[in-house]
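Chain by chain, the residues run as shown.
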Amino acid sequence: MLQLPDTGYAPTADEIAAIHAWFAEYDAAAARRDIERMADLAVFPLNLVSDDSAGDGVSAQWDRERFVETMTHVMGEGTEDITFDSVRTPVFLGPAMAVVFTDSTMTAGGATQRLRYADVLVKRNGRWAFQSMLQGGWGDNLR
């Protein structure tokens, strides 16, 4: 069994379930290419952290408009289904903050791609939202 870091906060089963339910909603929007709904589930400005082709760390902040524009370009406007098979490991820093590590397989148009990333989620007004996205290999697109 994976040993999670001791952050001093022990989430309840309901809190863990709420994180997984949030991701189910986000993945369903992504599968439909509903970029606007994906954006509804974020806190802007959104922080992005990656590395570039030179091996340097890169970060950026996007407003909603940039998120929608970029994700529309990245995900395309095709009609084929996108499916995700993901294993998520939430690490709660408190009742309103979690870092969620994801190992995922995305399939679109018959092509499969493995993804590994982390998201920082915050709870506002009783609902989770993502505030930071961390994934290697996208840094050249963040400049």
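Notes on the structure follow.

Parameters at a glance
- Residues numbered from 1 in each chain as written.
- Predicted model: local features only at pLDDT ≥ 70, side-chain atom pairs only at ≥ 80, totals over all residues.
- Heavy atoms only, no water.
- Phe/Tyr/Trp six-rings, centres within 6.5 Å; stacked < 30°, edge-to-face > 60°.
- Helix = DSSP H or I, 4+ residues; strand = E, 2+ residues; numbered from the N terminus.
- Buried < 20%, exposed > 50% of the residue type's maximum accessible area, 1.4 Å probe, protein only.
- Core = buried A, V, L, I, M, F, W, Y, C linked by side-chain atoms within 4.5 Å.
- Contact = heavy atoms within 4.5 Å.
- Pairing = 2+ DSSP bridges.
- Axes fitted to C-alpha atoms, helices over the stretch in contact; angles between N-to-C directions.

**Examining the packing of aromatic side chains**
In step 1: A full pass over the atoms with the stated rule returns 8 aromatic pairs.
In step 2: A ring pair is formed by Tyr 26 and Phe 130, whose centres lie 5.3 Å apart and whose planes are at 80°; its orientation type is edge-to-face. Residue Tyr 26 is found in helix 1 (residues 13-31), and its partner Phe 130 is found in strand 6 (residues 127-134); the two are separated by 104 residues along the sequence.
In step 3: Seen from their ring centres, Phe 92 and Trp 128 are 6.0 Å apart, and the 80° between their planes marks the pair as edge-to-face. Taken together, the positions of Phe 92 in strand 3 (residues 82-94) and Trp 128 in strand 6 put the pair 36 residues apart, joining distant regions of the chain.
In step 4: When its relative accessible area of 3% is taken as the criterion, Phe 92 is described as buried.
In step 5: Among the residues examined, Trp 128 registers a relative accessible area of 7% and is labelled buried.

**Examining the nonpolar core**
In step 1: Ranked by size, the top nonpolar core spans 29 residues in total, and within it Ile 19, Trp 22, Tyr 26, Met 38, Phe 67, Leu 121 and Phe 130 carry the most contacts.
In step 2: Secondary-structure elements contributing two or more residues to this core are helix 1, helix 2 (35-40), strand 1 (42-51), strand 2 (57-62), helix 3 (64-75), strand 3, strand 4 (97-108) and strand 6.
In step 3: With 6 residues, the top contributor of residues to this core is helix 1.
In step 4: Those residues within four positions of Phe 67 in sequence are excluded, and the remaining contacts are Tyr 26, Ile 35, Met 38, Ala 39, Phe 44, Leu 46, Trp 62, Phe 130 and Met 133.

**Examining the sheet that holds strand 6**
In step 1: As summarised here, the arrangement of the 6 strands in space is 2-1-6-5-4-3, forming an open sheet in which the pairing is mixed. The open sheet has two edge strands with one neighbour each: strand 2 and strand 3. Looking at each pair of strands side by side, their axes are set apart by 25° on average, direction ignored.
In step 2: Across 4 bridges, the pairing between strand 1 and strand 6 is parallel. Across the sheet, residue Ala 42 finds its bridge partner in strand 6, namely Phe 130.
In step 3: In this fold helix 1 packs onto strand 3, strand 4, strand 5 (111-124) and strand 6, with an angle of close to 145° to the strand it touches most, strand 3.
In step 4: Packed onto the sheet, helix 3 meets strand 1, strand 2, strand 3 and strand 6 and runs at close to 120° relative to strand 2.

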